[in-house]
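Breakdown of the fold
Chain residues, written in single-letter form:
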Amino acid sequence: MNIPFSLPGEIIKLNVGGTRFSTSKQTLTWIHDSFFSSLLSGRISSVKDETGAIFIDRDPAAFGHILNYLRTKELNLHGVDVESLRHEAEFYGIGPLVKKLALCEDLERSSCGTVLFQGYLAPPAFPARPDRPAADHRYSISSEAELRPKPMSRGPSLNNKEQRPVSAVEPRHLKSDLDIPLDMYPDPRKVLIATGHHNWIALAYAHFICCYRIKESTGWQLVFTSPYLERTVERLALNSRVVMVNQPDNKEKMIAISYGSQIRLWSCHDEKSSEVGTFDLGVRVDSLFFIGSQLVATSHTGKVGVWHAVTQHWWTQDVQPIASFDTAGSFLLLGCTNGSIYYIDMQKFPLRMKDNDLLVTELYHDPANDSVTALSVYLTPKTTNIWPAGLSGNWIEIAYGTSSGRYESSSSIRDRGQGPQLFQTFSVHRNPITKVMLSEKHLVSVCSEYNHVRTWGVTRFRGMISTQPGSTPLASFKVLSLEDTDAHVSYAAGNDIGPFGERDDQQVFVQKVVPETDQLYIRLSSTGQRVHVIRSVDGSVITCFCVHECEGSSRMGSPPRRYLFTGHANGAIQMWDLTTAMDQITKKNKEGKFTDADAAAGGPSERELIKLLGQCDVTASRCTTPSMSPASSQMLPLRINQLRASSSTHLTNQSSTESLPLGAEGGQEEFEGFL
């Protein structure tokens with residue numbers, strides 16, 4: 001019904017969410033064109049309760065603060081969620097209050113970022129499509145003419161699913177202006193994959209790749225852009241120090257991509273680039289990476305392809321179906337579905353070839369014949385006079401997890417021909433193990449149930465390795481990372497949770513809770529403790545990330561520094577100093593300033609998680625132990641998706657009705673490892 005005309009001093013009774021309020025009409029209407037002005041003038045209809053009070057179905061607690069502001073024009077923010085109050089003020093149309101609350105939020109956000117923010121790379125120019133004349137290539141993703149600085153702008157909140165934040169430096173995009181339609185999937189503007197090697201980083205967009213190099217005097221400079229690619233990039237690899245047979249004194253920069261079964265390789269030297277060739281693995285490439293000067297491609301079906309920089313030849317080899325892999329030095333180790341671990345020594349390739357095949361040697365076989373779904377190899381530093389007396393060299397320590405949740409550890413001696421010696425077997429997971437990381441001080445395992453992590457301290461004595469104290473884990477926590485149900489195949493390569501870092505240093509997980517978010521949680525891999533929360537400086541969605549260590553200044557003799565590179569939906573790259581973040585948390589722990597609240601803070605709190613989940617719809621599979629599939633660079637995504645498909649949680653608008661694939665039955669309560 002319509003509200004009849006009332007006098008300015010008339011008492012207005014309100015029922016807001018079941019709580020009754022009384023105030024004057026003058027108090028409610030002194031702000032023109034607000035919700036209350038329209039309500040009391042009869043421009044919008046309303047409903048009254050049994051007492052005659054106007055019913056408003058909103059939060060009464062927030063309305064109490066808003067009413068106090070309308071009465072006094074003052075606001076006490078003690079214990080108030082500023083963002084929630086701003087949303088309510090926007091609903092009621094209280095413009096002056098919205099501006100004040102927005103300013104309060106902006107004080108905590110800056111387009112210059114926090115102290116960890118190190119730089120911003122604008123989106124590169126889009127390469128011209130070969131099917132269009134160069135004159136028609138009018139605009140790129142970003143150019144100086146298209147960038148519109150807006151230092152005072154505020155993008156819409158990510159909490160609103162219908163809106164997306166605008167960048168502080170926002171490119172103007174029109175479908176008629178770009179050579180590639182914006183409705184293509186995936187979005188051609190966003191960064192799909194980022195990777196680094198020494199002082200180089202490579203970025204993969206949907207239809208081209210580019211490389212940046214950093215110099216002390218000039219900073220990051222764009223040095224390579226590929227031609228337009230008809231197929232969408234799925235995997236990316238970079239090696240900035242490849243020794244070529246015709247240029248032994250110079251290091252070539254090699255950039256490789258894959259889509260489907262095809263692999264394309266480029267060489268870059270002195271800012272001149274050329275395409276080396278296109279190779280075919282025969283099946284879809286699941287992983288693409290360099291081992292020394294060799295480019296390696298693997299598939300979960302059991303295919304391994306190798307391109308050698310010296311011979312310039314491409315070989316393919318059939319092995320058992322692959323479920324995991326890892327590298328150590330010149331070794332490539334493959335964990336297979338038949339329970340075996342095989343290795344290839346790339347340092348001796350291609351000298352050791354038999355009948356034009358790679359020499360693939362079985363190193364170990366799982367006693368229970370379980371699929372080796374996670375594998376980690378640690379190559380210890382060279383020592384002398386190690387026990388047994390007279391032996392020297394590198395110890396190879398191996399830890400692996402299985403589809404039944406078992407973990408084993410063993411060790412062997414390099415160049416002595418001795419097989420691995422089994423040391424420990426644990427049964428600590430009830431789901432397939434998707435990640436294992438063995439480092440100098442810690443052992444980390446991750447299973448498919450919401451990325452459940454268990455960690456142990458590691459001790460070594462006379463060639464033997466054991467966890468400390470005993471089999472009791474050091475920590476147990478989860479790194480929740482939800483994926484979109486229709487995510488592109490490149491998502492796994494661009495959003496791996498880790499752990500990242502050198503094996504002789506503290507490693508970190510990078511937690512991206514939901515696919516479309518502007519923040520990442522950096523956590524210690526050993527304890528799950530929160531190191532820092534990275535938030536995009538321009539509010540743009542983070543689409544991929546990588547952790548990479550860049551060399552320090554040669555003039556100052558500074559050590560390498562660890563950085564987090566984040567790729568964004570607007571095509572930009574943002575850089576963050578993780579070395580400073582790690583130093584701060586280490587100092588805090590040593591000084592005893594680590595509080596109980598700090599100990600409890602790891603991933604998002606319940607309140608933070610609910611806010612993040614408000615951006616999307618969540619559906620769990622029909623399995624009794626739903627979990628998320630972590631994007632792992634050390635696991636072959638297709639095979640692993642089969643192993644954990646029944647325990648995956650996805651984001652979608654409706655529940656999945658597909659039948660459960662292989663591995664849906666879960667795993668036994670076992671976990672193995674050997675060193």
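One can find the structure itself at the top, above this paragraph.
For the structure given in this document, a descriptive report is provided here.

The rules we used
Throughout this document, residue positions are counted from 1 along each chain, in the order its sequence is written. Where local features are concerned, this predicted model is filtered to residues with pLDDT of at least 70; where side-chain atom pairs are given and counted, the filter is 80 or more; whole-chain, interface and lining totals use all residues. Only heavy atoms go into the side-chain values, all of them from the structure, while hydrogens and water stay out. The term nonpolar core refers to a set of buried residues drawn from Ala, Val, Leu, Ile, Met, Phe, Trp, Tyr and Cys, joined through side-chain atoms within 4.5 Å. Each residue gets one of three labels from its accessible area relative to the maximum for its type: buried under 20%, exposed over 50%, partly exposed in between, using a 1.4 Å probe on protein chains only. Numbering of helices and strands starts at the N terminus; helices are DSSP runs of H or I of at least 4 residues and strands are runs of E of at least 2. Here, two residues are considered to be in contact whenever any of their heavy atoms come within 4.5 Å of each other. Note on ring pairs: Phe, Tyr and Trp rings are taken, using the six-membered ring of Trp, and paired if centres are within 6.5 Å. Classes follow the plane angle, with under 30 degrees stacked, over 60 edge-to-face and the rest tilted. Working rule: Lys NZ or Arg CZ, within 6 Å of ring centre, within 35 degrees of ring normal, means a charge sits over the ring. One speaks of a salt bridge when a side-chain nitrogen belonging to Lys or Arg is within 4 Å of a carboxyl oxygen belonging to Asp or Glu. Think of each axis as a best-fit line through the C-alpha atoms, taken over the contacting stretch in the case of a helix, with angles from 0 to 180 degrees between the N-to-C directions. Roughly parallel means an angle under 35 degrees; roughly antiparallel means over 145; roughly perpendicular covers 65 to 115; every other angle is labelled oblique. We call a crossing left-handed when the near helix sits turned anticlockwise from the far one by less than a right angle, and right-handed when that turn is clockwise. Put simply, Ala, Val, Leu, Ile, Met, Phe, Trp, Tyr, Cys and Pro go in the nonpolar bin, Asp, Glu, Lys and Arg in the charged bin, and everything else, Gly too, in the polar bin.

Core analysis: the biggest nonpolar cluster contains 27 residues, and Leu14, Leu28, Phe36, Phe63, Tyr92 and Ile94 have the highest contact counts within it. For this core, the secondary-structure elements that each account for two or more residues are strand 1 (11-16), helix 2 (35-40), strand 4 (54-56), helix 3 (60-72), helix 4 (82-92) and helix 5 (95-107). It is helix 3 that contributes the most residues to this core, six residues altogether. Residues contacting Tyr92, with those up to four places away along its chain left out, are Val16, Ser34, Phe35, Phe36, Ile56, Arg58, Phe63 and Ile66. With 20 residues, the next largest nonpolar core counts Phe117, Val510, Leu520 and Ile585 among its residues.

With that settled, the discussion passes to the packing of aromatic side chains. Summed over the entire model, instances satisfying the criterion amount to 21 aromatic pairs. Put simply, the rings of Phe21, Phe35, Phe36, Phe63, Phe91 and Tyr92 pair up and form one aromatic cluster. Sitting above the plane of the Phe91 ring, Arg58 keeps its charged end 3.9 Å from the centroid. Against the face of Trp30 rests Lys73, its NZ or CZ located 4.5 Å from the ring centre.

The next point concerns the pattern of salt bridges. One side chain can pair with another of opposite charge once the charged atoms of both are near each other. Evaluated as defined, the whole model comprises 15 salt bridges. Across the pair Asp326 and Arg503 runs a salt bridge whose closest N-O atoms are separated by 3.1 Å. Of this pair, Asp326 sits in strand 20 (residues 322-328) while Arg503 sits in the loop between helix 6 (491-494) and strand 38 (508-511), placing them 177 residues apart in sequence. Accessibility assignment for this pair places Asp326 and Arg503 in one class, buried. Between Arg562 and Asp505 there is a salt bridge whose closest N-O contact spans 3.0 Å. Highlighted residues: Arg562 in strand 42 (residues 561-568) and Asp505 in the loop between helix 6 and strand 38, separated in sequence by 57 residues. Classification of Arg562 by relative accessible area gives buried; the value is 6%.

Helix packing for two helices is described by the angle between their axes and how far apart those axes are. At their nearest, the axes of helix 4 and helix 5 sit 9 Å apart, and the two run at 155 degrees to each other. Here helix 5 runs roughly antiparallel to helix 4, going by the angle between their axes. Read as a crossing pair, helix 4 and helix 5 show a hand that is left-handed. Residues Val82, Glu83, Leu85, Arg86, Ala89 and Glu90 of helix 4 lie in contact with helix 5, whose contacting residues are Leu97, Val98, Leu101, Ala102, Cys104 and Glu105. Residues that form the contact of helix 4 with helix 5 fall into these classes: eight nonpolar, no polar and four charged.

What follows is about unusual backbone geometry. Residues Gly498 and Pro499 are joined by a peptide bond in cis, for which omega reads 5 degrees. When you line up the elements, Pro499 lands in the loop between helix 6 and strand 38. Positive phi values are uncommon outside glycine, yet Asp33 reaches one of about 60 degrees. Here Asp33 shows up in the loop between helix 1 (25-29) and helix 2. Residue classification places Asp33 among the exposed residues on the basis of a relative accessible area of 69%. Unusually for a residue other than glycine, His198 sits at a positive phi of about 55 degrees. Locating His198 in the fold gives a position in the loop between strand 8 (193-197) and strand 9 (200-204). Note on His198: relative accessible area 25%, which makes it partly exposed.

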